[in-house]
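# Analysis of the macromolecular model
This is what each chain is made of:
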Amino acid sequence: QVQLVESGGGLAQAGESLRLSCAASGSITSINSVHWYRQAPGKQRELVAFISSGGSTKYVDSVKGRFIISRDNAQNTVYLLMNSLKPEDTAVYYCNAAVVVDRTEYDYWGQGTQVTVSS
């Protein structure tokens, strides 16, 4: 089946940058919309960024001007560039993608990658 694998998480100091990757593999016809979510300990899952099949983007207010979501359709990969990181960005980050297999769209989730920002 289709798999989504996140990478790029780790430790960063406040003000630094990290780039997360979400790579899809399997029998993929195309990838439509993709979301990045995050979940901090004791808090509910939060939608961080969105990118449509046409490339339009949306962001939660707390990351606007700092984070950039992008996609490379040839590589079946979506990125989340996180600039000017803050301790409040510390969370497990998950990608969620609507993937077309043959002529049917399915919803897939990655396993998550930890981002920890120190002050």
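Just so it is clear, the model here is predicted, and its values are computed rather than measured.

### Some details on the sheet that holds strand 8 (residues 77-82)
The strand order across the open sheet formed by four strands is 1-3-8-7, and the pairing between neighbours is antiparallel. Strand pairing shows two members of the sheet lacking a second neighbour, strand 1 (3-7) and strand 7 (67-72), which therefore form its edges. Averaged over all pairs of adjacent strands, the angle between their axes in this sheet comes to 15°, without regard to strand direction. Sheet analysis places strand 1 next to strand 3 (residues 18-25), joined by five bridges and oriented antiparallel.

### Concerning the pairing of strand 10 (residues 104-109)
For strand 9 (residues 91-101) and strand 10, the ladder comprises six bridges, and the chain directions are antiparallel. If you follow N96 over to strand 10, its bridge partner there is W109. Linking strand 9 back to strand 10 in an antiparallel pair, the connection comprises two residues, with D102 at a positive phi of about 60°.

### Some points on the packing of aromatic side chains
Summed over all chains, the structure comprises two aromatic pairs. Each ring, one from Y37 and one from W109, has its centre 5.1 Å from the other, and the planes form 40°; the classification is tilted. On the criterion of sequence distance, the pair formed by Y37 in strand 4 (residues 30-39) and W109 in strand 10 is long-range, its members being 72 residues apart. Owing to a relative accessible area of 34%, W109 belongs among the partly exposed residues under this scheme. Each ring, one from Y106 and one from Y108, has its centre 6.4 Å from the other, and the planes form 55°; the classification is tilted. Accessibility expressed as a relative area gives 40% for Y106, which makes it partly exposed. The positively charged end of R45 is found above the aromatic ring belonging to Y37, 5.1 Å away from the centroid.

### A short note on the pattern of salt bridges
Scanning the entire structure with this criterion turns up four salt bridges. K64 is paired through a salt bridge with D61; the nearest N and O atoms lie 3.0 Å apart. Relative accessible area serves as the criterion here: at 61%, D61 is assigned to the exposed category. The partner of R66 in a salt bridge is D89, with the nearest N and O atoms 2.8 Å apart. Taken together, the residues R66 in the loop between strand 6 (57-59) and strand 7 and D89 in the loop between strand 8 and strand 9 connect sequence positions 23 residues apart. A relative accessible area of 2% places D89 in the buried class.

What counts as what
Residues numbered from 1 in each chain as written. Predicted model: local features only at pLDDT ≥ 70, side-chain atom pairs only at ≥ 80, totals over all residues. Heavy atoms only, no water. Pairing = 2+ DSSP bridges. Helix = DSSP H or I, 4+ residues; strand = E, 2+ residues; numbered from the N terminus. Axes fitted to C-alpha atoms, helices over the stretch in contact; angles between N-to-C directions. Phe/Tyr/Trp six-rings, centres within 6.5 Å; stacked < 30°, edge-to-face > 60°. Buried < 20%, exposed > 50% of the residue type's maximum accessible area, 1.4 Å probe, protein only. Lys NZ or Arg CZ within 6 Å of the ring centre and 35° of its normal. Salt bridge = Lys/Arg side-chain N within 4 Å of Asp/Glu carboxyl O.

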